[in-house]
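Structural features, examined
What follows is the residue order along each chain.
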Amino acid sequence: MSISENLEKILNTLPASVKLVAVSKFKPEQDIAEAYANGQRIFGESRALELRDKYNNLPKDIEWHFIGHLQTNKIKYIIPFVSLIHSVDSVGLLKEIDAYAKKAGRVVECLIQVHISQEETKFGFSYEECVELFNNYDSLELENVKIVGLMGMATNTDDMEQVRLEFKSLKSLYDRLNTEKKLGFSVLSMGMSSDYELAIKEGSTMVRIGSSIFGSR
Ligand SMILES: *Cc1c(COP(=O)(O)O)cnc(C)c1O
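Notes on the structure follow. (Residues numbered from 1 in each chain as written. Predicted model: local features only at pLDDT ≥ 70, side-chain atom pairs only at ≥ 80, totals over all residues. Heavy atoms only, no water.)

1. Some words on the site of the ligand
Short version of the rule: Here, proximity means that at least one heavy atom of the residue falls within 4 Å of the molecule or strand. Here a polar contact is taken to be a pair of N or O atoms separated by no more than 3.5 Å, where protein atoms must pair a possible hydrogen donor with a possible acceptor and residues adjacent in sequence count only if both atoms sit in side chains. The method behind every accessible area is Shrake-Rupley, applied with a 1.4 Å probe, and residues are considered shielded solely by the protein chains displayed. By the convention adopted, Pro, Cys, Tyr, Trp, Phe, Met, Ile, Leu, Val and Ala count as nonpolar, Lys, Arg, Asp and Glu as charged, and the other residues, Gly among them, as polar.
Close to the ligand lie Val23, Lys25, Ile67, Met153, Met192, Ser193, Arg208, Ile209, Gly210, Ser211 and Arg217. Here an oxygen atom of the ligand sits 2.5 Å away from a polar atom, N or O, in the side chain of Ser193. A distance of 2.8 Å separates a nitrogen atom of the ligand from a polar atom in the side chain of Arg208. Across the complex, the protein chains shield 90% of the 390 Å² of accessible surface that the ligand would expose by itself. Among the residues making up the shell around the ligand, the classes are represented as 5 nonpolar, 3 polar and 3 charged.

2. Concerning the packing of aromatic side chains
Each aromatic ring pair is characterised by the separation of its centres together with the angle its planes make. This is how the line gets drawn: Side-chain rings of Phe, Tyr and Trp (the six-membered ring for Trp) are treated as a pair once their centres are within 6.5 Å; stacked means planes under 30 degrees apart, edge-to-face means over 60, and tilted covers the remaining angles. A run of H or I in DSSP becomes a helix once it reaches four residues, and a run of E becomes a strand once it reaches two; helices and strands are each numbered from the N terminus. Each residue gets one of three labels from its accessible area relative to the maximum for its type: buried under 20%, exposed over 50%, partly exposed in between, using a 1.4 Å probe on protein chains only. Over a ring means this: the NZ of a Lys or the CZ of an Arg is within 6 Å of the ring centre and within 35 degrees of the ring normal.
The full count for this structure, using the stated rule, is 5 aromatic pairs. Both rings, one in Phe43 and one in Trp64, keep their centres 6.0 Å apart while their planes meet at 40 degrees; by these two values the pair is tilted. Separated by 21 residues along the polypeptide, Phe43 in strand S2 (residues 42-45) and Trp64 in strand S3 (residues 63-66) bring together distant segments of the chain. Residue Phe43 shares its accessibility class with Trp64, and that shared class is buried. The ring of Tyr36 has Arg41 sitting right over it, with the charged end atom 3.5 Å from the ring centre. We note Lys60 situated over the ring of Tyr55; from NZ or CZ to the ring centre the distance is 4.7 Å.

3. Brief notes about the environment of Tyr174
Our working definition: Residues are treated as being in contact if the distance between any of their heavy atoms lies within 4.5 Å.
Looking at the secondary structure, you find Tyr174 in helix H8 (residues 160-181). In sequence terms Tyr174 and Ala101 are 73 residues apart; their C-alpha atoms lie 25 Å from each other. Ignoring any residue separated from it by four or fewer positions in sequence, one finds Tyr174 in contact with Gly149, Leu150, Phe185, Ser186, Val187 and Leu188.

Set out below in structure tokens:
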């Protein structure tokens with residue numbers, strides 16, 4: 001199937017309230033251009049320099065999301081234009097993003113990445129660290145970042161009950177923080193090619209889909 005057929009098939013199954021981030025990492029610009037020609041405007045990338053190059057070469061009304069681990073020394077490459085950083089995985093990174101955003105004269109929207117999977121290698125805040133972040137949030141005095149929600153990646157497993165529980169617990173943390181702290185969250189980013197339907201059932205508002213659109217990497 002072609003990129004446009006894949007895209008159409010996925011868009012037909014998404015509720016109108018769920019946004020699709022087309023994950024184009026490691027894929028050539030012509031693949032992005034094909035999805036763009038079919039109306040897709042939100043793309044996700046996981047490498048800062050690759051993202052910068054694609055931004056420079058592709059239409060300017062694309063909304064670029066950063067979804068990978070962001071190294072401090074690479075923030076400067078994406079800060080002038082990035083629409084949403086899904087993968088803020090430490091307080092230090094949050095402070096650095098704030099400083100660069102200030103220099104760029106922007107307010108940059110971010111999600112806090114929460115470690116929900118059983119895997120040790122994935123980045124992110126634990127539940128406890130995430131709660132603590134929002135308990136102390138005002139003292140950080142961040143003026144140029146706006147946290148609009150949470151992101152999580154489930155365990156890469158065939159055990160869909162496990163995956164469901166991980167999504168459920170992230171959704172419940174999201175609701176709890178949002179209610180108790182009046183954070184005005186609007187984005188719960190969860191679900192990839194293998195598990196996005198389940199993620200939507202569990203309350204996702206934004207799915208990040210790569211291989212089901214562009215083919216395997
Ligand atoms: C690569 C990636 C995706 C997309 O994964 P697919 O399985 O190809 O849909 C989603 N989220 C993050 C954080 C990724 O790194």
